[in-house]
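Below are the chains, spelled out letter by letter.
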Amino acid sequence: MDAYDEGSNARHGPDTPSRPAPPPEQDAPADPAEPYPPGEPRTGIAALSLRHQIVVALALAVVAIGVCVHLGMTFLHVAPANTVTRAHGEAVDDWIYPEFEQNWKLFAPNPLQQNISIQVRAGIRGPDGMTVTTGWYDLSAEDGRAIDGNLLPSHTQQNELRRAWDFYVATHDGENRPVGLRGSLSESYLRRIMVLRLDRDHAVRAATGGAGVIERVQVRSRTSNVPPPRWSREKVSTTPSYRELPWWKVSQDEAGGGVR
């Protein structure tokens with residue numbers, strides 16, 4: 001036996017069993033908490049810090065709750081009367097009006113196909129006591145010009161004049177006679193809008209040089225059919241029709257800026 005073997009036997013002894021060879025090293029298991037492979041960059045919300053992830057989660061929760069509430073309010077608004085709307089109808093109306101009002105004419109079998117513009121003229125008493133009648137002012141056209149190209153038009157420009165006219169028509173017959181208890185209310189509401197608009201548009205100054213007073217106003221509507229598309233065979237008259245209301249006297253308080 002050579003010296004190497006002797007030294008080996010001296011260390012382990014003749015009866016000492018040899019130690020098994022250690023198993024080959026295996027790759028350490030990936031951290032189960034690591035969602036992405038090592039070295040791959042995080043994307044989306046996962047790339048944010050924990051604090052920012054919490055903020056984003058809260059914002060998404062608020063948006064989701066708001067959407068659910070809005071859909072629920074809209075459903076209750078258009079649904080038939082039920083127990084919930086009887087108990088909380090005022091809250092539903094406060095949520096819907098005026099910004100989220102529902103108009104289902106788009107889905108009607110025959111949608112509205114008319115352009116209706118509201119026009120007004122005034123009788124203005126000048127400093128000499130003579131009354132001058134102005135020409136017709138197309139207030140709907142003025143609102144249309146203010147809305148055209150405006151990303152955030154006001155609710156007044158979009159709906160005030162239209163709703164006032166609809167209110168009047170719904171409470172009067174074809175002879176302009178009040179129907180129901182709200183006839184006089186719709187008249188005064190429409191008249192005050194006319195007076196305020198005429199004063200705002202400087203109609204008084206244009207007619208009398210600034211020293212006159214609005215004494216009376218007259219309102220009319222101009223209705224014309226929307227022309228059909230070129231590919232349609234439908235034939236409609238585009239000649240406008242007018243509905244003139246009687247002259248309304250304007251009280252001194254209204255002439256001075258409207259009754260508050």
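The preceding data block contains the structure.
One structure accompanies this document, and this report is about it. Every chain is numbered independently, its residues counted from 1 as its sequence is written. Local features in a predicted model are, by the rule used here, given only for residues with pLDDT of at least 70; side-chain atom pairs are given and counted only at 80 or more, and totals for whole chains, interfaces and linings are based on all residues. Values shown for side chains rest on all heavy atoms present in the structure; no hydrogens or waters enter the calculation.

What about the packing of helix α4 (residues 139-147) against helix α5 (residues 155-170)?
Right, on to step 1. Only C-alpha atoms enter the line fits that serve as axes; for helices the fit covers just the stretch in contact. Angles between N-to-C directions range over 0 to 180 degrees. Every helix listed is a DSSP run of H or I at least four residues long, and every strand listed is a run of E at least two residues long, numbered separately from the N terminus. Between α4 and α5, whose axes approach to 9 Å, the crossing angle comes to 160°. Taken together, the axes of α4 and α5 are roughly antiparallel relative to one another. The interaxial crossing formed by α4 with α5 has left-handed handedness. Across the interface between the two elements, L139, S140, D143, A146 and I147 of α4 pack against Q157, Q158 and L161 of α5.
Right, on to step 2. Of the residues assigned to the contact of α4 with α5, the class counts are 4 nonpolar, 3 polar and 1 charged. Should an angle fall under 35 degrees it is called roughly parallel, over 145 degrees roughly antiparallel, and 65 to 115 degrees roughly perpendicular, with every other angle called oblique. We call a crossing left-handed when the near helix sits turned anticlockwise from the far one by less than a right angle, and right-handed when that turn is clockwise. What makes two residues a contact is simply this: any of their non-hydrogen atoms within 4.5 Å. Residues were grouped as follows: Ala, Val, Leu, Ile, Met, Phe, Trp, Tyr, Cys and Pro as nonpolar; Asp, Glu, Lys and Arg as charged; and all remaining residues, including Gly, as polar.

So, unusual backbone geometry
Right, on to step 1. Unusually for a residue other than glycine, N176 sits at a positive phi of about 65°.
Right, on to step 2. As for its placement among the helices and strands, N176 is situated in the loop between α5 and α6 (183-200).

Quick word on the side chain of Q119
Right, on to step 1. Assignment of secondary structure puts Q119 in strand β1 (residues 114-125).
Right, on to step 2. We define a polar contact as two N or O atoms separated by no more than 3.5 Å, with the added condition that, inside protein, one atom must be a possible hydrogen donor and the other a possible acceptor, whereas residues neighbouring each other in sequence contribute only through side-chain atom pairs. Of note is the side chain of Q119, whose polar atom sits 2.6 Å from the side chain of R220.
Right, on to step 3. Once you skip the residues sitting within four places of it in the chain, Q119 turns out to touch W136, Y137, D138, Q218, V219, R220, R222 and Y242.

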